[in-house]
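# Breakdown of the fold
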Amino acid sequence: MGHMRPAMTARTLRTPQDLVDTGLVAPHRLAELEGVAARYAVAITPAMAGLIPDNDAMARQFVPSAAELEQTPDERADPIGDDTHSPVEGVVHRYPDRVLLKANHACAVYCRFCFRREMVGPDGIRPLSPEQLDAAMAYIAGDPRIWEVIVTGGDPLILSVRRLRDLMARLAKIDHVKVVRFHTRIPAVDPERVTPGLVAALKAPGKTTWVGLHANHADELTPAAEAACARILDAGIPMVSQTVLLKGVNDDAATLEALMRRFVEMRIKPYYLHHADLAPGTAHFRTTLAEGQALMRDLRGKVSGLCQPTYVLDIPGGHGKSPVGPCYTGDGEVTDPTGTAHAYPPT
């Protein structure tokens, strides 16, 4: 990526021609990328476009590639089985005490590995209509087991302050919902959007709000991103992280360690390291489980417990998340972070 000096951009790049015009890709790749963009949405914010030159980890996450048109037999449009557990439009109820509320299906950036890539973007599923949102809220209100609502999408923080405030006001009326969690990339990819007004809209009386930040490389966590997260944290909203293990982005121990340390330095607790899902055209991003487990073992041996995410696989078909190791216990023995086995109880 380092052969051209791109022009600065003040707007989101949404087409392959935009990428060529700003120098992020070479002109000879235009036809190739038009084919990708015809199937999967493209959007790169100015904050991320500025990080792409000379940074393959950033380019790989956001710049389209012809490899996305190569689908393997095990890939599927709904790799984690959202549809299997969707009782009404916009709600996924996979676990008893919590639901996903997919308030919209657009994002500020479109990740090239997105597990909902068949659903998001300008040509994806439409945002919830007022009637569909009413039905979603009625479903949540009707099931007293639902303790947590996870607002996702798309990216919910691209919604207007007014819509976010309205969403929280409606959830505030449901007494058995105690926790509302927003999953977002916005503080990193469009930090100026995190205004005091937006932060205030995420809070409601009687509800505990959390924000889960998706970031995959420490370079995404710029000073502007750190300031955006501080606006959230200083308002009393705790944050956790979500990261996808991606080949060529963060699949080495030093990169993963730097990312997890950066999260903790920013007061964000590492939460999940996701094994990449079987989304269409994403095989070039997937590691093996064994490779992920080796990275986690390395992290455990070197880095503070505060920096340890849980490595999880969303089992295809809608069977839920499962921790996938590594395992440190066997028949009468425990393995330490260096790989040495010890009898337990000691003999």
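Reference entry: report on the structure contained in this document. (Residues numbered from 1 in each chain as written. Predicted model: local features only at pLDDT ≥ 70, side-chain atom pairs only at ≥ 80, totals over all residues. Heavy atoms only, no water.)

Before going further, it helps to examine the overall build of the chain. Within the chain, the regular secondary structure consists of 11 helices and 12 strands. Whereas a compact globule of 347 residues would reach a radius of gyration of roughly 20 Å, the chain reaches 21 Å, a difference of no more than 12%. For the chain, the spread of C-alpha atoms along the three principal axes comes to 65 × 55 × 45 Å. Residues counted as buried form 53% of the 347 residues belonging to the chain. Put simply, 75% of the contacts in the chain that link residues at least 6 apart link residues at least 24 apart. (Helix = DSSP H or I, 4+ residues; strand = E, 2+ residues; numbered from the N terminus. Rg over C-alpha atoms; globule rule 2.2 N^0.38 Å. Buried < 20%, exposed > 50% of the residue type's maximum accessible area, 1.4 Å probe, protein only. Contact = heavy atoms within 4.5 Å.)

Hydrogen bonds along the backbone pair up the strands of a sheet, which may run parallel or antiparallel. Read across the open sheet, the three strands follow the order S10-S11-S12; overall the sheet is antiparallel. Two strands in the sheet have a free side with no partner beyond their single neighbour: strand S10 (329-330) and strand S12 (341-343). The pairing of strand S11 (residues 333-335) with S12 spans three bridges and is antiparallel. Residue Glu333 lies in a different strand from S12, and its bridge partner there is Ala343. (Pairing = 2+ DSSP bridges.)

With that settled, consider the pairing of strand S9 (residues 320-323). Here four bridges tie strand S8 (residues 310-315) to S9, and the two strands are oriented antiparallel to one another. Residue pairing for S9: Leu313 is matched across the bridge by Ser322. Connecting the antiparallel pair S8 and S9 is a turn made up of four residues, with Gly317 showing a positive phi of about 100°.

This part takes up the sheet that holds strand S4 (residues 179-184). Sheet architecture is open: nine strands sit in the order S1-S2-S3-S4-S5-S6-S7-S8-S9, paired in mixed fashion. Edge positions in the sheet fall to strand S1 (91-95) and S9, since each of these pairs with one other strand and no more. Between one strand axis and the next, the sheet turns through 30° on average, direction left out of account. In terms of strand pairing, strand S2 (residues 98-102) meets strand S3 (residues 148-152) through five bridges, oriented parallel. Looking at the pairing, Arg98 lines up with Glu148 of S3. (Axes fitted to C-alpha atoms, helices over the stretch in contact; angles between N-to-C directions.)

Attention now goes to the packing of aromatic side chains. Counting across every chain of the model gives two aromatic pairs. Ring centres of Phe113 and Phe285 lie 5.6 Å apart, and the angle between their planes is 70°; this geometry places the pair in the edge-to-face category. Highlighted residues: Phe113 in the loop between S2 and helix H5 (130-141) and Phe285 in the loop between strand S7 (268-275) and helix H11 (289-302), separated in sequence by 172 residues. When its relative accessible area of 2% is taken as the criterion, Phe285 is described as buried. Between the aromatic rings of Tyr271 and Tyr272, the centroid separation amounts to 4.1 Å while the plane-to-plane angle is 25°, which identifies the pairing as stacked. Here the basic side chain of Arg98 rests over the ring of Tyr95, its NZ or CZ set 4.1 Å away from the ring centre. In this structure, Arg297 packs its charged tip against the face of Tyr328, placed 4.8 Å from the ring centre. (Phe/Tyr/Trp six-rings, centres within 6.5 Å; stacked < 30°, edge-to-face > 60°. Lys NZ or Arg CZ within 6 Å of the ring centre and 35° of its normal.)

The next thing to look at is the pattern of salt bridges. Counted according to the given criterion, the structure contains 18 salt bridges. Two residues, Arg98 and Asp97, come together in a salt bridge whose shortest N-O distance is 2.6 Å. By relative accessible area, Asp97 is classed as partly exposed at 27%. Note that Glu226 is salt-bridged to Arg262, the shortest N-O span being 3.1 Å. Taken together, the residues Glu226 in helix H9 (residues 223-234) and Arg262 in helix H10 (residues 253-265) connect sequence positions 36 residues apart. The exposure class of Glu226 is partly exposed, given its relative accessible area of 31%. One salt-bridge network, held together by shared partners, links Asp82, Arg94, Lys102 and Arg116. (Salt bridge = Lys/Arg side-chain N within 4 Å of Asp/Glu carboxyl O.)

A few words on the packing of H10 against H11. Axis angle and axis distance: for two packed helices, these are the angle between their axes and the distance between the axes, and together they describe the pair. Where H10 meets H11, the closest approach of the two axes is 10 Å, and the angle between their N-to-C directions is 55°. Classified by the interaxial angle, the pair formed by H10 and H11 is oblique. Judged by the twist between their axes, the crossing of H10 over H11 is right-handed. Of the residues in H11, those in contact with Ala253, Leu256, Glu257, Met260 and Arg261 of H10 are Leu295, Asp298, Leu299 and Lys302. Tallied by class, the residues present in the contact of H10 with H11 amount to five nonpolar, no polar and four charged. (Parallel < 35°, antiparallel > 145°, perpendicular 65-115°, else oblique. Left-handed = near helix turned anticlockwise from the far one by under 90°. Nonpolar A, V, L, I, M, F, W, Y, C, P; charged D, E, K, R; others polar.)

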